[in-house]
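# Structure at a glance
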Amino acid sequence: MLWVGTSWKMNGTLASARDYATRLGAALDAGAPAGVQPFIIPPATALATVHQILGADSPVLLGVQNAHWADAGAWTGEISVPQAADAGAQLVEIGHSERREFFAETDQTVNRKVAATLRHGLRPLLCVGEPAEVFAAGGSVAHVTAQVDAALQGIDDLGRVLIAYEPIWAIGEGGREARGEDIEAVFAALDAGYGDRVEAILYGGSVNQGNAAETLAVPGVTGLFVGRAAWQVDGYLELLRIATAAA
Ligand code: PGA
């Protein structure tokens, strides 16, 4: 099964979320594309709306872009895992590089969030990735495996865990598209260390309709985590078609 999903990051309105969900739901009316597990991570403000439009039986799983490790309490501005689940989330994205860089996420908070997500029966989507200078120095495998080891410390059953390897140098507007040879060593290491214990290991960072097939052909890659190229529903549907062909 190839997992193919998108985070909308901090983009869109309820109107654009409704439009995306309505068109996605109609396109997947007959069920999930063969061999592919779709997922969408809207802004938290749009999650319940997207959930309502897609419906409880939708093949599309939904998620949040972050959640706190505590179940409830005086944590102004945060969302708990039970609240995310209440609004329709089955996935919790954790430790995206933007959150590590700008919102003080550490390996330790990531670890606590992974544990909280599993405790409530949701699936953590653990994001890891190295900066450009580490990649240039040949340190990608060590950096990424250390992040994963720290994030999963003390967690025995990894059956619901998804890992997304997203090199920071590949993410976003300033990112460089990765070639297969740029990422194959990290995927070989993640596959050897975790491949038979986790749900899937995804690649993310400037994934688009032109490079998705090449990325999915890298040994150990069992999914794609996409930003910009899936923010329009037609772009996302095209990526689902590419993944189905590769599955
Ligand atoms: P991008 O974002 O596809 O727009 O590079 C990827 C991500 O941040 O997950």
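Read on for an overview of the structure. These numbers come from a predicted model, not from an experiment.

What follows is about the site of the ligand. Every residue close to the ligand is listed here: K9, H96, E166, A170, I171, G172, G205, S206, V226, G227 and R228. Measuring from an oxygen atom of the ligand, one finds a side-chain N or O atom of K9 at 2.6 Å. Here R228 contributes a side-chain N or O atom positioned 2.6 Å from an oxygen atom of the ligand. Contact with the protein chains hides 99% of the accessible area of the ligand, taken as 280 Å² for the molecule alone. Its residues assigned to classes, the shell around the ligand shows three nonpolar, five polar and three charged.

The subject of this paragraph is the side chain of S206. Looking at the element boundaries, S206 is found in the loop between β7 (200-204) and α9 (212-216). If we skip the residues at most four places from it in the chain, S206 touches A170, G172, G175, R176, E177, N211 and R228.

A few words now on the packing of helix α7 (residues 140-151) against helix α8 (residues 180-194). Viewed as axis vectors pointing N to C, α7 and α8 meet at an angle of 35 degrees, and their least axial separation amounts to 9 Å. In this structure, the crossing between α7 and α8 has a hand that is right-handed. Side by side, α7 and α8 meet where S140, V141, V144, T145, V148 and D149 of the first sit next to A185, V186, A189, L190 and Y194 of the second. In terms of residue class, the contact of α7 with α8 is built from eight nonpolar, two polar and one charged.

Moving on: the nonpolar core. Counting residues in each nonpolar core, the largest one holds 67 residues, and the members touching the most others are L24, V148, I163, Y203 and L239. If you tally residues by element for this core, the top one is helix α10 (residues 233-246), at seven residues. The residues touching L24, leaving out its near neighbours within four places in the chain, are I40, V60, V233, Y236 and L237.

In this section: the environment of H51. With respect to the secondary-structure elements, H51 resides in helix α2 (residues 44-54). C-alpha separation for the pair H51 and G88, spaced 37 residues apart in sequence, amounts to 5.7 Å. With near-sequence residues (within four places) excluded, H51 lies in contact with A56, L62, A87 and G88.

This brings us to the pattern of salt bridges. Across all of its chains, the model carries 11 salt bridges by this definition. The residue R119 makes a salt bridge to D71 at a minimum N-O spacing of 3.1 Å. Placement of the pair is R119 in helix α5 (residues 107-119) and D71 in the loop between β3 (61-64) and α3 (81-86), with a sequence separation of 48 residues. K113 is paired through a salt bridge with E105; the nearest N and O atoms lie 2.6 Å apart. Per residue, the accessibility class of K113 equals that of E105, and both read buried. Residues joined in a network through salt bridges with shared partners are D19, R23 and D234.

So, how was this worked out
Residues numbered from 1 in each chain as written. Predicted model: local features only at pLDDT ≥ 70, side-chain atom pairs only at ≥ 80, totals over all residues. Heavy atoms only, no water. Near = heavy atom within 4 Å. Polar contact = N/O pair within 3.5 Å; in protein donor to acceptor, adjacent residues only side chain to side chain. Areas by Shrake-Rupley, 256 points an atom, 1.4 Å probe, with all protein chains shown as cover. Nonpolar A, V, L, I, M, F, W, Y, C, P; charged D, E, K, R; others polar. Helix = DSSP H or I, 4+ residues; strand = E, 2+ residues; numbered from the N terminus. Contact = heavy atoms within 4.5 Å. Axes fitted to C-alpha atoms, helices over the stretch in contact; angles between N-to-C directions. Left-handed = near helix turned anticlockwise from the far one by under 90°. Core = buried A, V, L, I, M, F, W, Y, C linked by side-chain atoms within 4.5 Å. Buried < 20%, exposed > 50% of the residue type's maximum accessible area, 1.4 Å probe, protein only. Salt bridge = Lys/Arg side-chain N within 4 Å of Asp/Glu carboxyl O.

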